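A structural walkthrough
Here is how the chains run, residue by residue.
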Amino acid sequence: MAKQKPRKKRNWFTSLSFGTVAMVLTALLVLGYLSIVVPPEKAWFFTLFGLIYPVVLPATLILFVIALVRRSRTRLLLALSLIPSLFFAGRYFQISAPKDASEPTLTVVSYNVGLFRHGPEGEDRLKLAEDVATYVNSLDADIICLQEFYLPESISIDGWLGRHFPGYKAEYYMLTGKNWRAGNVTLTRRRASAKGKEDFEKSTNMALWADIPLDSATLRVYNCHFESYNISLAGLVKKDVEETERKLRRSITERPRQVAKVLRGIDSAPVHSIVAGDFNDTPLSYTYFRLIRGRRDSFMRAGKGFGATYSALWPLLRLDYVLYPRDLDAVSYRIDKVKYSDHYPVIVQFNEAGRNTR
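Fair warning: this is a prediction, and the values are worked out from it, not measured in the lab.

**Thoughts on the layout of surface pockets**
Summary: where empty space remains is shown by rolling a probe the size of a single water molecule over the atoms. In this structure, the largest pocket occupies an estimated 1,200 Å³ of space. Along the wall of the largest pocket there are 41 residues; nearest its centre are Ser228, Tyr229, Asn230, Ile231 and Tyr310. If you tally residues by element for the lining of the largest pocket, the top one is strand β5 (residues 180-188), at four residues. In the lining of the largest pocket, the residues fall into 22 nonpolar, 14 polar and five charged. The space that makes up the second largest pocket amounts to roughly 310 Å³. As for the second largest pocket, its lining consists of 15 residues, of which Leu57, Pro58, Leu61, Ala89 and Phe93 are closest to the centre. Where the lining of the second largest pocket is concerned, the elements lending two or more residues are α3 (53-70) and α5 (85-88). In terms of residue class, the lining of the second largest pocket is built from 14 nonpolar, one polar and no charged.

In structure tokens form, the structure reads like this:
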């Protein structure tokens, strides 16, 4: 009678470690999901769990596959933690864009130009600004929303915009410093019938709005730049921990207040609104889910591949958006990986689906 091979003893330490990693990843996912409902002023650190979601999700997926192969008891826990991601993952990655044979009637661009300071080493900022203007003009957009636009104080803003964006009407608001001006610029092919701005208290960030007449109705366009983190990735390791925490806490708690101010303006507007710009928040955040209510995400409707717009951490961080009302239909969406800024521009083409007066 043949001897039976002795069973291999299970390595309890490996099993314990695997289970611990599974529980940690599950907890991080759940905390990330909760970040969309927990107000940052009550628990600001929840936003950080939403921020790391693009790393935690693939790690959890890999562990889930390993758990299936090993028939680990943690596979059920991992599976349950992944279910909500069926709803969230599409805000970061789209497999295929819808095909639409109809011709678009409206093109919108949102681009954080990074104060024209992210070009090749030694390149003059004004030369980079001219390169950006040439590129943006090539997009032939109807509405252009620029954030972190910069010019020296010695140069006329109206004159510069008129020379470099012929055929466009410009609305802008600039903060002034020592020998410089910086802010948001909205360029349109048609003169705005009304315009305004939302100042944010104790902040260099802002939101502009302009009512733009279209063929069928009028559309309000919000050009937003919400509170920045103001943390340099290159210098992060050199920063004092307390200073870094202070900056994180401030930016995370300020953005909901700024978003609330914009939403009050949207709710009181007589027309529907596009909300575009650099939100400085990911699709798994409290502020994004406040802004998306009653609107659609153009990336989810017409995008393909990764939606990340922050070049330094591509494909992890999606910070720039074009959200639109339901009486428009996004038929084309793309992100151009041009190297003029630390952000990539978002280009969306729409069809008008009906009247948009309230």
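Structure shown, so let's carry the discussion forward.
**Quick look at the environment of Lys42**
Topologically, Lys42 is positioned in the loop between α1 (12-34) and α2 (46-51). On the basis of relative accessibility, which here comes to 68%, the residue Lys42 falls in the exposed class. As a C-alpha pair, Lys42 and Thr253 span 211 residues in sequence and 8.8 Å in three-dimensional space.

**Concerning unusual backbone geometry**
Look at the link from Trp314 to Pro315: it is a cis peptide, with omega at 5°. Tracing the sequence through the fold places Pro315 in the loop between β11 (305-306) and β12 (320-324). One non-glycine residue, Phe116, lies in positive phi territory at about 55°. Within the secondary structure layout, Phe116 lies in the loop between β2 (106-112) and α6 (125-138). Unlike most non-glycine residues, Asn179 shows phi in positive territory, near 70°.

**Some remarks on a nonpolar patch on the surface**
Side chains of Leu76, Leu80, Ile83 and Leu86 sit close together on the surface and give an oily, nonpolar patch of about 460 Å² of accessible area. Within the element layout of this structure, Leu76 appears in helix α4 (residues 75-82).

Reading the values: rules and limits
For every chain, the first residue of its written sequence is number 1, and the numbers climb from 1 along that sequence. Predicted model: local features are reported for residues with pLDDT of at least 70 only, side-chain atom pairs are reported and counted for 80 or more only, and whole-chain, interface and lining totals are derived from all residues. Each side-chain value is derived from all of the structure's non-hydrogen atoms; neither hydrogens nor water enter the calculation. Here a cavity means grid points, on a 1 Å grid over the protein atoms only, where a 1.4 Å probe fits yet cannot get out; a pocket means an open set of points with protein on both sides within 12 Å along at least five of seven lines; lining residues are those with an atom within 4 Å of a point. Grid points are joined across faces, edges and corners, and a volume is the space filled by probe spheres set on the points. Helix and strand definitions follow DSSP, with helices as H or I runs of at least four residues and strands as E runs of at least two, each counted in order from the N terminus. Each residue is assigned to one class: nonpolar for Ala, Val, Leu, Ile, Met, Phe, Trp, Tyr, Cys and Pro, charged for Asp, Glu, Lys and Arg, and polar for all the others, Gly among them. Only protein chains enter the area calculation, which uses a 1.4 Å probe; residues under 20% of their type maximum are buried, those over 50% are exposed, and those in between are partly exposed. Patch rule: a residue counts if its relative accessible area is over 30% and it has no salt bridge; like charges are joined within 9 Å, and nonpolar side chains (Val, Leu, Ile, Met, Phe, Trp, Tyr) within 5 Å. Residue-level accessible areas treat just the shown protein chains as cover; the underlying method is Shrake-Rupley with a 1.4 Å probe. Think of a salt bridge as a Lys or Arg side-chain nitrogen and an Asp or Glu carboxyl oxygen that are within 4 Å of each other.

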